Amino acid sequence: QAVVTQEPSLTVSPGGTVTLTCGSSTGAVTSGHYPYWFQQKPGQAPRTLILDTSNKHSWTPARFSGSLLGGKAALTLLGALPEDEAEYYCLLSYGGPRVFGGGTKLTVL
Amino acid sequence: EVQLVESGGGLVQPGGSLRLSCAASGFTLSSYWMNWVRQAPGKGLEWVSNIKGDGSEENYVDSVKGRFTISRDSAKNSLYLQMNGLRAEDTAMYYCASPYYWGQGILVTVSS
């Protein structure tokens, strides 16, 4: 099965901007991979932030956005807040099966 | 209010079986692809299995093929994961997940 890669860790300053990426071992990530992004805080279940590349859930803060960038899926956080410190996971679809990336630990510091 | 509530986890010996259940409320489970996702202690998320809304397609991660079976009951608005031949490496928190919502998870521990 495919391998999905994410940055292991990133740091952003409060109020700053950061982009997390999600690549695929099979080649460029496209909208056909229906990229999802999830946020997980310690001791909590994950929650869905972005569906199908760029669609937001009703609870997704406006400062988060999803896109395709340079052959990868991307999650951009514009104006980071302390509460955005969390683990972020992407999920790609390969037909029926899905594969998660290894997660990006985002520190707001 | 939308809820997904998992049950059926616990401690089981290697080679044993468990059946996880996920009861959905506030939405119709059969309208969506439904997933089981697991997370070993201190590790990342791992997609385990999914089933199409109409039940016509199932998919599994290679490591559980032939041992786990996903199913759903539309009348009960519930999702299931039958886990046979359990191994120590199956120890994890198991989450039921729709595209939009996740359950709180249920712990499965495989140990003698």
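In the block above lies the structure referred to throughout.
Residues numbered from 1 in each chain as written. Chains lettered and ligands numbered in written order. Predicted model: local features only at pLDDT ≥ 70, side-chain atom pairs only at ≥ 80, totals over all residues. Heavy atoms only, no water.

Draft legend 1. Focus on the sheet that holds strand β7 (residues 64-69) of chain A. Residue and element names in this part refer to chain A. Read across the open sheet, the four strands follow the order β1-β3-β8-β7; overall the sheet is antiparallel. Strands with a single pairing partner mark the edges of an open sheet, and in this sheet they are β1 (4-6) and β7. Ignoring strand direction, the axes of neighbouring strands in this sheet form an average angle of 20 degrees. The sheet contact formed by strand β3 (residues 17-24) and strand β8 (residues 72-78) spans six bridges and is antiparallel. Looking at the pairing, T21 lines up with A74 of β8. (Pairing = 2+ DSSP bridges. Helix = DSSP H or I, 4+ residues; strand = E, 2+ residues; numbered from the N terminus. Axes fitted to C-alpha atoms, helices over the stretch in contact; angles between N-to-C directions.)

Draft legend 2. How the structure looks around the interface of chain A and chain B. Facing the 18 residues of chain A at the interface are 22 residues of chain B. Surface buried jointly by chain A and chain B totals about 1,600 Å² across both partners, of which 58% is contributed by carbon and sulfur atoms. Looking at the side of chain A facing chain B, the largest losses of area belong to Q1, R98 and F100 of chain A, adding up to 35% of the total buried there. Between the two partners, chain A and chain B, sit zero salt bridges. Scanning the region where chain A abuts chain B turns up six residue pairs in polar contact (both at pLDDT 80 or more). At the level of elements, β4 (36-40), β5 (47-51), β9 (86-93) and β10 (98-100) of chain A are the ones that each hand at least two residues to the side of chain A that touches chain B. (Contact = heavy atoms within 4.5 Å. Buried area = accessible area lost by both parts, 1.4 Å probe. Salt bridge = Lys/Arg side-chain N within 4 Å of Asp/Glu carboxyl O. Polar contact = N/O pair within 3.5 Å; in protein donor to acceptor, adjacent residues only side chain to side chain.)

Draft legend 3. Structural view of the state of the cysteines. Tallied over the entire structure, the rule returns two disulfides over all chains. Here C22 of chain A engages in a disulfide with C90 of chain A; their sulfurs sit 2.1 Å apart. Taking the torsion about the S-S bond as the criterion, the C22 of chain A to C90 of chain A disulfide, at about 75 degrees, is right-handed. Here C22 of chain A, found in strand β3, pairs with C90 of chain A, found in strand β9; they are 68 residues apart in sequence, far enough to count as distant. With respect to burial, C22 of chain A and C90 of chain A carry one shared label: buried. Across a sulfur-sulfur distance of 2.0 Å, C22 of chain B and C96 of chain B are joined as a disulfide pair. Residues C22 of chain B and C96 of chain B are joined by a disulfide whose S-S torsion is about -65 degrees; by sign, that bridge is left-handed. With C22 of chain B in strand β3 (residues 18-25) and C96 of chain B in strand β9 (residues 92-97), this pair connects stretches of sequence that are 74 residues apart. Look at C96 of chain B and you get buried, because its relative accessible area is 0%. (Disulfide = S-S within 2.5 Å. Buried < 20%, exposed > 50% of the residue type's maximum accessible area, 1.4 Å probe, protein only.)

Draft legend 4. Layout of the packing of aromatic side chains. Scanning the entire structure with this criterion turns up ten aromatic pairs over all chains. Measuring from centroid to centroid gives 5.9 Å for Y36 of chain A and F38 of chain A, while their planes differ by 20 degrees, and the two rings are stacked. The burial state of Y36 of chain A is the same as that of F38 of chain A; both residues are buried. Seen in terms of ring centroids, F38 of chain A and F100 of chain A are 5.8 Å apart; in terms of plane orientation they differ by 55 degrees. Their pairing is tilted. In this pair, F38 of chain A sits in strand β4 while F100 of chain A sits in strand β10, placing the two residues 62 residues apart along the sequence. Ring pairing ties together the aromatic residues Y36, F38 and F100 of chain A together with Y95 and W102 of chain B, which thus form one cluster. For the cation-ring pair, R98 of chain A lies above W33 of chain B, with the distance from its terminal atom to the ring centre recorded as 5.0 Å. Above the ring of Y80 of chain B, the side-chain terminus of R19 of chain B is found at 4.0 Å from the ring centroid. (Phe/Tyr/Trp six-rings, centres within 6.5 Å; stacked < 30°, edge-to-face > 60°. Lys NZ or Arg CZ within 6 Å of the ring centre and 35° of its normal.)

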